[in-house]
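Below, each chain spelled out in residue letters.
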Amino acid sequence: MPRWHNRHPEARDIPINPLYARAGENRIPRLELAKQGVLPDTAYQIVHDELALDGNARLNLATFVGTWMEPQARQLYLEAADKNMIDKDEYPQTAAIEDRCIRILANLWHAPDAQRALGVSTTGSSEACMLGGLVLKRRWQKRQRAAGKPADRPNIVFSSAVQVVWEKFANYFEVEPRYVEVTPERPRLTPEGVLEAVDENTIGVVPVLGVTYTGAYEPVVEIATALDDLENRTGLDIPVHVDGASGGFVAPFLNPELVWDFRIPRVYSINTSGHKYGLVYPGLGWALWRDQEIVPQELIFDVSYLGGNMPTFALNFSRPGAQVLLQYYNFLRLGYEGYEKVQRTCQQVARFLSSNIEAMGPFELLSDGSDLPVFAWRIKSGHKEPWDLHDLSHVMRERGWQVPAYPLPPRLEDTTIMRVVVRNSFSMDLARLFLDDLKRAVSHLQSLDGRLARVEESQTAFHH
Ligand SMILES: *Cc1c(COP(=O)(O)O)cnc(C)c1O
C-alpha cells in the first residue's frame, strides 16, 4: 500500500516579491498563515506565476477531462461561480436546469420512461460510481435479508482493467472486488469471464464503456445476455451498472446502433462524466437509474425546495452549481448534431494519428480510436530499441506535449504503453504538429543511441 507522504517538503518561508518595481513584502511564510495579508494584485501575481510551471492544459493528451469551452460558456461560468447546487430553494432555476439535463440524458440513453428515471449530478464519475455501487449493494442486502440469507459477504464483478474508482468503491463500501483478469487474448470483460466470477453474493457487474487504458468498449449486451441466460437456468438475477464515464457521451453520437444503455432491461444504472466527453470543465458527473423504483427509499434525503421538499441522493452536500449550467449550455448550443460533429472530429483526429504512428515503424497499436477517440500503442514486441516509451514521453515533454507512458494492468504489467486522448480543441492542425514532434523525438532518441553506442565502444576499447 502506498504510504501517505509529502512529495514536496517545502522551505518554511521564502522571500516573495514577484514584481521588483513594487514595494513588496519580502518574506511570506508558506506553511502557515502570515500575520498580515498582501495586496490583491500581489496575491494574484504570486499564484499566477507559480501556475506558469504547470503543464499547458491544451497540450495535455493524458487527460479525458475538458480543457476548453467557448467564451460564452466561460462567461456563464464566472456569472454562476457563486451558486451552490444544494441550495435548491434559493436557486430553483439551477435545480430545474439540473433536472432538465437528467431528462435529456435519460432520453439519450433510451430510458423506457424518461420521466420515471432517477438521476443526480455529481462532482464526477467517481461520486456517480459510488452511488451506483451503493444502490446495488443495498438492493442485494435487502433481498438477502428478505430471503433469510446472509448479507455480509457481497462481491462485485468487473475486469482487472477497471478504473481505480471501482477499487475504491469496493474498499470504502466493504464489497469484495472480483476482478476478471484481462489477458493479451482477452483484453476486456467477457461474458464467459463474468459467468465464472458471479455467484449469489454478487451485487452487480460493471462493464466499462471505454476502458481507460485503450478506449475500447466492453460488450455490455453480450454480458447482459449471458446474465439473462444465467437467470433462466438458476434464478440468480444480477443487475448491470455501466461505467460510461467517457462512452456515455460518445457512443450515442458515434455508434447510435450500439446497444449498451437502458434499452437493455438488465442495465439498472449508468454513470458518465459531464467533464469528459460531455465537454464541460472539471467538476461534473451524472448517475442515472432506469426507474426511480430501483433506488431504495432509505437512501434518499430531503432538502427544502420552494417551501416544499426535494429528494436528493448524493455524497456531497454543498457543491458548485456552475458546471451543471455549463452542461445545459452545451446541450442547447450543440444539440445532437453538434455533439456528433465534435465527437466525430475527435475520432477522425485520433484515427489519423494512430494510423500515422503505426506507419512509423517501431510501434504497434493496441487500439486505434474506433471506439472512444483514444488510442494506445507500444513498442513492437520483438523489436529491440535501446530507448523506451518513458524516454519518448520525456522528450515530448520538452516541447510541452504531455503524453503519458505507463504499464498495463496486472498480469500485463510488463507491457508499457503510450496513450493519447483526443478531445475537443485538439485540431487536425495541432495533431500534425504533434506528429512532426513525435517523429523528431524518435529520431533524436535513435541518434542518441548511436552516440551512446560509440561511447560504449570507445570505453570497451580503452579497458582492453
Ligand atoms: C474517468 C473515469 C472514471 C472516474 O471519473 P471522474 O469523472 O474522473 O471522477 C471512472 N471510470 C472510468 C471508466 C473513467 O474513465
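Here's what I pulled together on the structure shown here.

Scoring rules and cut-offs
Residues numbered from 1 in each chain as written. Predicted model: local features only at pLDDT ≥ 70, side-chain atom pairs only at ≥ 80, totals over all residues. Heavy atoms only, no water. Near = heavy atom within 4 Å. Polar contact = N/O pair within 3.5 Å; in protein donor to acceptor, adjacent residues only side chain to side chain. Nonpolar A, V, L, I, M, F, W, Y, C, P; charged D, E, K, R; others polar. Helix = DSSP H or I, 4+ residues; strand = E, 2+ residues; numbered from the N terminus. Expected span 1.5 Å × (residues − 1). Buried < 20%, exposed > 50% of the residue type's maximum accessible area, 1.4 Å probe, protein only. Arc of directions from axis to C-beta. Contact = heavy atoms within 4.5 Å. Pairing = 2+ DSSP bridges. Right-handed = clockwise from strand over helix to strand, strands pointing away. Salt bridge = Lys/Arg side-chain N within 4 Å of Asp/Glu carboxyl O. Phe/Tyr/Trp six-rings, centres within 6.5 Å; stacked < 30°, edge-to-face > 60°.

### Focus: the site of the ligand
Thought 1: By nearness alone, every residue bordering the ligand is listed as Gly124, Ser125, Ser126, Gln163, Val165, Val208, Gly210, Asp243, Ala245, Ser273, His275 and Lys276.
Thought 2: One of the backbone N or O atoms of Ser125 is found 2.8 Å from an oxygen atom in the ligand.
Thought 3: Between the ligand and the protein, one listed contact pairs a nitrogen atom with a side-chain N or O atom of Asp243 at 2.6 Å.
Thought 4: In terms of residue class, the shell around the ligand is made up of three nonpolar, seven polar and two charged.

### Considerations on helix α7 (residues 220–234)
Residues three or four positions apart in an α-helix share a direction because the helix packs 3.6 residues into each turn.
Thought 1: Taking 1.5 Å of rise per residue, the 15 residues of α7 would be expected to cover 21 Å, and the 21 Å separating its terminal C-alpha atoms lies within 8% of that figure.
Thought 2: Every buried residue of α7 is listed here: Val220, Ile223, Ala224, Ala226, Leu227 and Leu230. One side of α7 carries all its buried residues, which in axial view fall inside an arc of 160°. Seen from the open side of α7, the exposed residues pointing more than 90 degrees away from its buried face are Asn232 and Arg233.
Thought 3: Residues of α7 that are buried sit in contact with α6 (191–197), β6 (202–205), β7 (240–243) and β8 (267–273).
Thought 4: With its phi angle positive at about 85°, Gly235 sits one or two positions after the end of α7.

### Digging into the pairing of strand β4 (residues 155–159)
Thought 1: The buried count for β4 comes to five of five residues, which makes it a mostly enclosed element.
Thought 2: Covered by surrounding structure in β4 are Asn155, Val157 and Ser159 together with Ile156 and Phe158, the residues of both alternating faces.
Thought 3: Two elements, β4 and strand β5 (residues 176–180), share five bridges in a ladder whose sense is parallel. Note on β5: the bridge partner recorded for Asn155 is Glu176.
Thought 4: In this region the chain leaves β4, passes through helix α5 (residues 164–172) and returns to the parallel neighbour β5; the handedness of that crossover is right-handed.
Thought 5: Note that β4 and β6 share three bridges and pair parallel.

### Notes on the pattern of salt bridges
Thought 1: Enumeration according to the criterion identifies 20 salt bridges in this entry.
Thought 2: Linking Glu298 and Lys142 is a salt bridge whose minimum nitrogen-to-oxygen distance equals 3.2 Å. Remark: Lys142 occurs in helix α4 (residues 125–146) and Glu298 occurs in the loop between β9 (285–289) and β10 (301–305); sequence separation between them is 156 residues.
Thought 3: We classify Glu298 as partly exposed; its relative accessible area is 39%.
Thought 4: Accessibility expressed as a relative area gives 41% for Lys142, which makes it partly exposed.
Thought 5: Here Glu231 and Arg266 are joined by a salt bridge, their closest N and O atoms 2.6 Å apart. Of this pair, Glu231 sits in helix α7 while Arg266 is found in the loop between α8 (251–254) and β8, placing the two residues 35 residues apart along the sequence.

### Structural notes on the packing of aromatic side chains
Thought 1: Applying the stated criterion to the full structure yields 19 aromatic pairs.
Thought 2: Consider the rings of Trp109 and Trp260, whose centres lie 6.1 Å apart with planes at 75°: the pair is edge-to-face. Of this pair, Trp109 sits in the loop between α3 (92–108) and β3 (118–122) while Trp260 sits in the loop between α8 and β8, placing them 151 residues apart in sequence. Pair check on accessibility: Trp109 and Trp260 agree, each one buried.
Thought 3: A ring pair is formed by Phe363 and Trp387, whose centres lie 6.3 Å apart and whose planes are at 70°; its orientation type is edge-to-face. Here Phe363, found in strand β12 (residues 363–368), pairs with Trp387, found in the loop between β13 (374–379) and α10 (389–397); they are 24 residues apart in sequence, far enough to count as distant. For the pair shown, Phe363 and Trp387 are each scored as buried.

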